[in-house]
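Here is what each chain is made of, one letter per residue.
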Amino acid sequence: DQQVKQNSPSLSVQEGRISILNCDYTNSMFDYFLWYKKYPAEGPTFLISISSIKDKNEDGRFTVFLNKSAKHLSLHIVPSQPGDSAVYFCAARPNSGYALNFGKGTSLLVTP
Amino acid sequence: NAGVMQNPRHLVRRRGQEARLRCSPMKGHSHVYWYRQLPEEGLKFMVYLQKENIIDESGMPKERFSAEFPKEGPSILRIQQVVRGDSAAYFCASSPQGQGNNEQFFGPGTRLTVL
């Protein structure tokens, strides 16, 4: 039962443009959301998170938007750089919990 | 300031053998989580441990899998009598606290191949 869904397996963006990665969730108990970036043969690296009391969190080139009514969040990367090419995982959990529920990931390719 | 350490990075076992995966959390972290990633899938939660205690093992297969986090030493994920379906990447993560808005920091993973 996939409670966190990333419906785009891959995305290709030109360098300098905006990358938008999307994530949907079904469990209304989720109230803490995270994005991880993963290179091949490495572990996921934490990027940015957002609590359900907010609808936006920004950190440098990365911004996460949360739409609770739609159970949807997105990660914006602007401007995109070739080093951003990686698999991006969306994860969620209830604030009272600890186990992260991951999506299947979106493979981002930023071309020069 | 070392991150989460996992070893071995790669492990090859024949069907029926045992696999032992080790994880040392980040300094100051007493909460450890194990996740498994099958090919083309996201990470799936397996077990959450604190020192000497299993807090939640709801994601662990009922048979052949066990985990521990002793008072001294790394956390161990043990798989007995491995089968081909156990081939996956196993990731360990740690956090300073269990609940609340704390990100989990992941190790590089152990890639298990069962022949």
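**Q** Even after reading the chapter, I still don't get the overall build of chain A, so can you show me in this structure?
**A** Summing up its helical and strand segments, chain A has 0 helices and 11 strands in all. Secondary structure elements of chain A, listed N to C terminal, follow the sequence β-β-β-β-β-β-β-β-β-β-β. For chain A, the C-alpha radius of gyration of 13 Å lies close to 13 Å, the compact-globule estimate for 112 residues. Within chain A, the proportion of its 112 residues that are buried is 46%. Looking at chain A alone, contacts between residues at least 24 apart form 54% of all its contacts between residues at least 6 apart. Roughly 5,200 Å² of accessible area belongs to chain A as shown, and the carbon and sulfur atoms make up 49% of that amount. Both charge centroids of chain A, one from 11 positive and one from 9 negative side chains, sit 3 Å from each other.

**Q** Would you mind showing me how to read the state of the cysteines here?
**A** Enumeration over the complete set of coordinates arrives at 2 disulfides over all chains. At a sulfur-sulfur separation of 2.0 Å, the disulfide partner of Cys23(A) is Cys90(A). Disulfide Cys23(A)-Cys90(A): the torsion about the S-S bond is -75°, which places it as left-handed. With Cys23(A) in strand E3 (residues 19-25) and Cys90(A) in strand E9 (residues 86-93), this pair connects stretches of sequence that are 67 residues apart. Judged by relative accessible area, Cys90(A) falls into the buried class, the value being 0%. The partner cysteine of Cys23(B) in its disulfide is Cys92(B), sulfur to sulfur 1.8 Å. Around the S-S axis, the bridge from Cys23(B) to Cys92(B) shows a dihedral of about -50° and counts as left-handed. One end of the pair, Cys23(B), is in strand E3 (residues 19-24); the other, Cys92(B), is in strand E9 (residues 88-95), and 69 residues separate them in sequence. In this pair, the class of Cys23(B) matches that of Cys92(B), namely buried.

About the criteria used
- Residues numbered from 1 in each chain as written.
- Chains lettered and ligands numbered in written order.
- Predicted model: local features only at pLDDT ≥ 70, side-chain atom pairs only at ≥ 80, totals over all residues.
- Heavy atoms only, no water.
- Helix = DSSP H or I, 4+ residues; strand = E, 2+ residues; numbered from the N terminus.
- Rg over C-alpha atoms; globule rule 2.2 N^0.38 Å.
- Buried < 20%, exposed > 50% of the residue type's maximum accessible area, 1.4 Å probe, protein only.
- Contact = heavy atoms within 4.5 Å.
- Areas by Shrake-Rupley, 256 points an atom, 1.4 Å probe, with all protein chains shown as cover.
- Lys, Arg positive; Asp, Glu negative; His and termini not counted.
- Charge placed at Lys NZ, Arg CZ, Asp CG, Glu CD.
- Disulfide = S-S within 2.5 Å.

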